[in-house]
Number of protein chains: 2
Amino acid sequence: MSEEDSFQEKTLSSTYIYQGKIINLRQDKVKLPDGRETIREIVEHPGAVVILALTDDNKIVMIRQFRKPVDEVLWELPAGKVEPGEDLKNCALRELEEETGYYPRKIKKLITFLSTPGFCNERLTLFLAEDLEKRNKNEDAGEFIEVKLIKPNEALKLVKENIIKDAKTIIGILYLVSSKNSIEY
Amino acid sequence: MSEEDSFQEKTLSSTYIYQGKIINLRQDKVKLPDGRETIREIVEHPGAVVILALTDDNKIVMIRQFRKPVDEVLWELPAGKVEPGEDLKNCALRELEEETGYYPRKIKKLITFLSTPGFCNERLTLFLAEDLEKRNKNEDAGEFIEVKLIKPNEALKLVKENIIKDAKTIIGILYLVSSKNSIEY
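Residues numbered from 1 in each chain as written. Chains lettered and ligands numbered in written order. Predicted model: local features only at pLDDT ≥ 70, side-chain atom pairs only at ≥ 80, totals over all residues. Heavy atoms only, no water.

As for helix H4 (residues 167-178) of chain B
An α-helical turn contains 3.6 residues, so any two residues separated by three or four positions project in the same direction.
Residues and elements named next belong to chain B.
Here is step 1: Across its 12 residues, H4 extends 16 Å between first and last C-alpha, which sits within 8% of the 16 Å expected from 1.5 Å per residue.
Here is step 2: Of all the 12 residues making up H4, 12 are buried; the element is thus mostly covered by neighbouring parts of the structure.
Here is step 3: The set of residues buried in H4 consists of Ala167, Lys168, Thr169, Ile170, Ile171, Gly172, Ile173, Leu174, Tyr175, Leu176, Val177 and Ser178. (Helix = DSSP H or I, 4+ residues; strand = E, 2+ residues; numbered from the N terminus. Expected span 1.5 Å × (residues − 1). Buried < 20%, exposed > 50% of the residue type's maximum accessible area, 1.4 Å probe, protein only.)

Now the structure itself:
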């Protein structure tokens with residue numbers, strides 16, 4: 001028996017509690033590896049992209065926006081959810097331009113990660129965007145965003161001082177810094 | 001008018017859709033800065049801790065466990081949700097011992113972060129645990145966990161190769177590596 005088999009939870013039934021604009025909520029009744037049964041609460045999310053965009057003078061394009069779930073204005077990297085059928089790279093190009101007005105001539109996928117896999121299936125794909133052209137900001141309805149350019153070492157300081165608190169943004173900044181401030185194509 | 005005021009969304013009404021074992025789901029009707037109204041879908045979570053535990057020979061204590069929302073066995077740092085009224089440091093000590101059998105003689109809070117603040121209020125607090133004593137593993141009912149010790153540079157490689165995909169785990173590893181593999185007390 002492989003490790004995967006011995007850890008697996010078999011779904012016995014699946015019930016939707018809510019199907020919403022951005023997220024769905026379902027309850028799965030599962031059979032545990034020891035034969036007992038339990039309920040897993042699962043939030044479904046369509047997935048998202050996050051963009052680490054670097055200007056020619058090596059500054060990170062960051063945004064500040066209010067987030068209702070935590071009632072705070074947060075420092076974040078530009079990001080947004082994937083539309084049905086949308087290619088992830090096109091989504092990253094669209095979200096970066098909408099939120100910041102920057103359009104990159106170079107873009108590259110770095111990693112995909114799971115924001116909180118204990119109860120949610122959200123997958124975020126982190127892109128590196130460089131060689132930026134300034135176009136027009138074009139926010140979605142309901143988005144109110146301020147753009148700020150920050151040096152990697154200042155961003156790292158804001159992470160360590162716990163002023164930057166958003167997980168996807170911390171990952172982008174620490175990924176860059178742990179690559180010695182430059183990521184090779 | 002301060003930046004915070006100009007970005008703020010005022011809650012007009014709040015309705016619970018679901019109140020569950022671990023998470024709740026509510027809909028908030030909010031007034032946007034431009035006066036229009038919209039609905040925000042908000043997942044409430046009690047908060048959690050995550051522990052970067054280092055052995056005396058500088059290995060990271062990691063676990064592997066199955067996560068139903070993504071149907072995968074994941075590499076993770078030990079972690080767990082906070083019980084009502086529980087002190088975060090005590091929660092970290094309890095979860096580390098339950099999941100791995102290690103008990104640290106030194107423990108320190110590093111940062112608190114938000115897993116996915118676009119739709120969820122989950123706050124995770126990252127602790128550094130050192131000077132570990134081996135006790136007995138004592139998994140919660142329904143937890144099936146394998147413990148692995150990994151060198152920081154191997155863990156970094158697993159992040160860059162996208163084998164480690166859990167956000168809180170990536171943050172812990174990159175935080176350590178960006179602190180030049182040792183964090184001062």
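What to know about the relation of the copies chain A and chain B
Here is step 1: At an RMSD of 0.0 Å, chain A and chain B line up after a rotation of 180° and a shift of 0.0 Å along the axis. Those values place the two copies in the arrangement expected of a two-fold rotation axis.
Here is step 2: Same-surface contact between copies: 100% of interface residues of chain A are shared with the interface of chain B. (Least-squares fit on C-alpha atoms with pLDDT ≥ 70 in both. Contact = heavy atoms within 4.5 Å.)

Comments concerning helix H3 (residues 152-160) of chain A
Here is step 1: Listed as buried for H3 of chain A are Pro152, Ala155, Leu156, Leu158 and Val159 of chain A. Across the axial projection of H3 of chain A, the buried residues extend over an arc of 160°, all falling on one side. In H3 of chain A, those exposed residues whose orientation departs by more than 90 degrees from the buried face are Asn153 and Lys157 of chain A.
Here is step 2: Along its buried surface, H3 of chain A packs onto strand S5 (60-67), strand S6 (72-76), strand S10 (146-150) and helix H4 (167-178) of chain A together with strand S8 (102-114) and H4 of chain B. (Arc of directions from axis to C-beta.)

Topic: the environment of glutamate 83 of chain B
Here is step 1: Positionally, glutamate 83 of chain B belongs in the loop between strand S7 (79-81) and helix H2 (88-100).
Here is step 2: Separated by 82 residues in the primary sequence, glutamate 83 of chain B and lysine 165 of chain B have C-alpha atoms spaced 26 Å apart.

Some thoughts on the pairing of strand S4 (residues 48-53) of chain B
Residue and element names in this part refer to chain B.
Here is step 1: Across the 6 residues that make up S4, a large majority, 6, are buried.
Here is step 2: Neither face of S4 is open: one carries Ala48, Val50 and Leu52, the other Val49, Ile51 and Ala53, and all of them are buried.
Here is step 3: Strand direction decides the pairing type here: S4 and S7, joined by 3 bridges, are antiparallel. In the strand pairing of S7, valine 49 is matched with glycine 80. (Pairing = 2+ DSSP bridges.)

So, the sheet that holds S6 of chain A
Residue and element names in this part refer to chain A.
Here is step 1: Strand order in the open sheet formed by 3 strands is S6-S5-S10, and the pairing between neighbours is antiparallel. The sheet terminates laterally at S6 and S10, the two strands that pair on one side only. Adjacent strand axes in the sheet meet at a mean angle of 30°, parallel and antiparallel pairs treated alike.
Here is step 2: On the sheet, H3 packs against S5, S6 and S10 and is oriented at approximately 110° with respect to S10. (Axes fitted to C-alpha atoms, helices over the stretch in contact; angles between N-to-C directions.)

Some points on the interface of chain A and chain B
Here is step 1: Contacts between the two partners involve 69 residues from chain A, matched on the other side by 70 residues from chain B.
Here is step 2: A buried area of about 6,300 Å², summed over both sides, lies between chain A and chain B, and 61% of it is on carbon and sulfur atoms.
Here is step 3: Where chain A meets chain B, there are 2 salt bridges.
Here is step 4: Two residues, glutamate 72 of chain A and arginine 123 of chain B, come together in a salt bridge whose shortest N-O distance is 3.0 Å.
Here is step 5: In terms of residue count, the dominant contributor to the side of chain A that touches chain B is H4 of chain A (7 residues).
Here is step 6: In terms of residue class, the side of chain A that touches chain B is made up of 34 nonpolar, 16 polar and 19 charged. (Buried area = accessible area lost by both parts, 1.4 Å probe. Salt bridge = Lys/Arg side-chain N within 4 Å of Asp/Glu carboxyl O. Nonpolar A, V, L, I, M, F, W, Y, C, P; charged D, E, K, R; others polar.)

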